[in-house]
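# Structural overview for review
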Amino acid sequence: ENKEPETVHRLRELFPWIDHLKEIGVTAIYIGPLFESTSHGYDTRDYKQVDSRLGDNEDFKHFVKLCHENGIRVVVDGVFNHTGREFFAFRDIQKNREGSRYCGWYKGVNFGWNSPYNDGFGYEAWQGHFELPCLNLQNPEVKQYLFDVIRFWISEFDIDGIRLDCANVMDFGFMQEMRTQTASMKPDFWLMGEVIHGDYARWVNDETLHSVTNYELWKGLYSGHNDHNYFEIAHTIRRQFDANGGIYKGCRLYSFVENHDVDRIVNKLKEKSFLQSVYTLLYTLPGIPSVYYGGEWGVEGRKEGACDDGLRPHLVLSEMEANPPIPELKGLLCKLGAIRQANPALTDGVYRELLLTNRQYAFARILGNEAVITAVNNDANPVHMEINCPVSASGAQEALTGTGAELRDGRIIWEMPAYGSAIFVIC
């Protein structure tokens, strides 16, 4: 509950993290939820105020400035599907009932019903959680209010994008109008949606959002390793991004192996040895790779029933650097970040599958005459791999180790360690 009597400037604890973010190759950070709320952050009561438990607006303004000075863009959580019960418009309905000018701001307001809070009226709530009354995103006043909120965060703080909470249930007309509005406010403003199920192309297109969460790939990345079944991952990618018929070809989906709603990847995997190949795939398969804070050290955490506390710990940077749970993991992510930034094919290249068995998988990202080939092994034994090179080449460099790879008759020859991964830059 948000009952602290004074503002607590916890946002300032993030300032020293910026050098750490640069070190591991981060180019954008997503903060959420940020708005002043009553309890868990998603029951907003003031859309233009940083949550007083995190700090004040000046703290956040300084944080964004520091990020921008270091080449890091800032995306914030846009909780626009619902508000909290302490939001001014809902309070007005409680006070003035049928006489409130805000009755049309919420879905399903009905003065012939009652709510579990005994308001004397009913309303539509997100998934039956009546502390979260749903906004009517088809109401022109609501839309204008929320667009003004976005304009405020762009003009006052220079934010670079919004992650739309609950985008899977939001009104498409609202999201399309938001795309037009934000493009006029800041031409490269980025809109990403939280979508778990469904046809991602309904949201990711030139008229709606730039990206959504790729939960389909998330599932494959851990279960494909646990079951020694690279066919699951390869089928997912082939279905989504294959140059010949991929249903999301050209889309940039948001890739992850853990987030604030699901168990940490260390807890999802049957063997921690899989972490190298999991993260190598995250950074080199089509998509926008993201790292959930603490993931760079292998922090553990499980969802316990409806409680997410275990997924969202308070981490102290100096303590994590001094005693990381998995010491070698941060170094791997530093390498992967540098490799991705140095090779545009990993961002814009088309996907081509090159080799697939239950326990070995190789693919290329091809951009013009450039190609980067990724190979992974989920077996407890080393394996001899021969991978066809999809472009003409005079040589190949394995980027994780910095060693040359043998190129023979148009094939890369490589002795892959147990649970190993490799990234070959073709030259």
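The notes below deal with the structure included here. All values reported here derive from a predicted model rather than from experimental measurement. (Residues numbered from 1 in each chain as written. Predicted model: local features only at pLDDT ≥ 70, side-chain atom pairs only at ≥ 80, totals over all residues. Heavy atoms only, no water.)

## Focus: the nonpolar core
Ranked by internal contacts, the top residues of the largest apolar core, which has 104 residues, are Phe60, Phe80, Trp153, Tyr279, Leu285 and Tyr361. Once residues within four sequence positions are removed from consideration, phenylalanine 80 is found in contact with Phe35, Tyr47, Leu135, Leu137, Leu146, Val149, Ile150, Ile162, Leu164, Met170, Phe174 and Met178. Counting 19 residues, the second largest nonpolar core, distinct from the first, contains Ala371, Ile373, Ile387 and Ala396. (Core = buried A, V, L, I, M, F, W, Y, C linked by side-chain atoms within 4.5 Å. Buried < 20%, exposed > 50% of the residue type's maximum accessible area, 1.4 Å probe, protein only. Contact = heavy atoms within 4.5 Å.)

## Observations regarding the packing of helix H9 (residues 275–284) against helix H11 (residues 329–342)
Where H9 meets H11, the axes come as close as 10 Å, and the angle between the chain directions of the two elements is 25 degrees. With respect to H11, the axis of H9 lies roughly parallel. When the axes of H9 and H11 are compared, the crossing they make is right-handed. Each of Leu275, Gln276, Tyr279, Thr280 and Tyr283 in H9 lies in contact with H11, whose residues at this interface are Leu329, Leu332, Leu333, Leu336, Gly337 and Arg340. For the contact of H9 with H11, a count of residues per class yields 7 nonpolar, 3 polar and 1 charged. (Axes fitted to C-alpha atoms, helices over the stretch in contact; angles between N-to-C directions. Helix = DSSP H or I, 4+ residues; strand = E, 2+ residues; numbered from the N terminus. Parallel < 35°, antiparallel > 145°, perpendicular 65-115°, else oblique. Left-handed = near helix turned anticlockwise from the far one by under 90°. Nonpolar A, V, L, I, M, F, W, Y, C, P; charged D, E, K, R; others polar.)

## Observations regarding the environment of glutamine 138
Tracing the backbone through its elements, the reader meets glutamine 138 in the loop between strand S6 (129–133) and helix H4 (140–157). Along the sequence, glutamine 138 and lysine 107 sit 31 residues apart, while their C-alpha atoms lie 9.6 Å from each other. Within the local environment of glutamine 138, its side chain forms a polar contact with the side chain of aspartate 171, the two groups lying 3.1 Å apart. (Polar contact = N/O pair within 3.5 Å; in protein donor to acceptor, adjacent residues only side chain to side chain.)

## Some thoughts on the sheet that holds strand S8 (residues 190–193)
For sheets, the rule is that strands pair by backbone hydrogen bonds, running either parallel or antiparallel. Judged by pairing direction, the sheet is parallel, and its 5 strands sit side by side in the order S1-S4-S7-S8-S9 without closing on themselves. At either margin of the open sheet sits one strand with a lone partner, and together these are strand S1 (28–31) and strand S9 (211–212). Of the strand pairs in this sheet, S8 and S9 are connected by 2 bridges, and their pairing is parallel. Bridged to methionine 192 within S9 is serine 211. (Pairing = 2+ DSSP bridges.)

## Side note on helix H3 (residues 88–96)
By the burial criterion, the buried members of H3 are Ala89, Phe90 and Ile93. Looking down the long axis of H3, one finds its buried residues gathered within 100 degrees of arc, a one-sided arrangement. Buried residues belonging to H3 abut S6. Two residues or fewer after H3 comes arginine 97, characterised by a positive phi angle close to 50 degrees. (Arc of directions from axis to C-beta.)

## Details of the layout of surface pockets
Estimates place the volume of the second largest pocket at around 160 Å³. Lys272, Ser273, Leu275, Gln276, Ile326, Glu328, Leu329 and Leu332 are the residues that line the second largest pocket. Counting residues per element, the ones that place at least two in the lining of the second largest pocket are H9 and H11. (1 Å grid on protein atoms, 1.4 Å probe; cavity = no way out; pocket = protein on both sides within 12 Å on 5 of 7 lines; lining within 4 Å. Points joined across faces, edges and corners; volume = space filled by probe spheres on them.)

## Details of the pairing of strand S14 (residues 370–377)
In terms of burial, S14 is a largely internal element, 7 of the 8 residues being buried. Bridge count for strand S13 (residues 360–367) against S14 is 8 bridges, and the pairing is antiparallel. In the sheet register, isoleucine 366 faces S14, and the bridge partner there is alanine 371. Pairing of S14 with strand S19 (residues 421–426), which is carried by 5 bridges, proceeds in the antiparallel orientation.

## Some remarks on the packing of aromatic side chains
Any two aromatic rings considered together are summarised by their centre-to-centre distance and by the angle between their planes. Applying the stated rule across the entire model yields 41 aromatic pairs. Relative to tyrosine 145, the ring of tyrosine 47 lies with its centre 6.1 Å away and its plane at 75 degrees, an arrangement referred to as edge-to-face. Taken together, the positions of tyrosine 47 in strand S3 (residues 44–50) and tyrosine 145 in helix H4 put the pair 98 residues apart, joining distant regions of the chain. Summarising the aromatic geometry, the rings of tyrosine 361 and phenylalanine 363 are spaced 5.2 Å apart at their centres and angled 45 degrees between planes, so their arrangement reads as tilted. Taking NZ or CZ as reference, lysine 61 lies 5.8 Å from the ring centre of phenylalanine 157, over its face. For arginine 85, the ring lying beneath its charged end belongs to tyrosine 117, and the centroid distance is 3.9 Å. (Phe/Tyr/Trp six-rings, centres within 6.5 Å; stacked < 30°, edge-to-face > 60°. Lys NZ or Arg CZ within 6 Å of the ring centre and 35° of its normal.)

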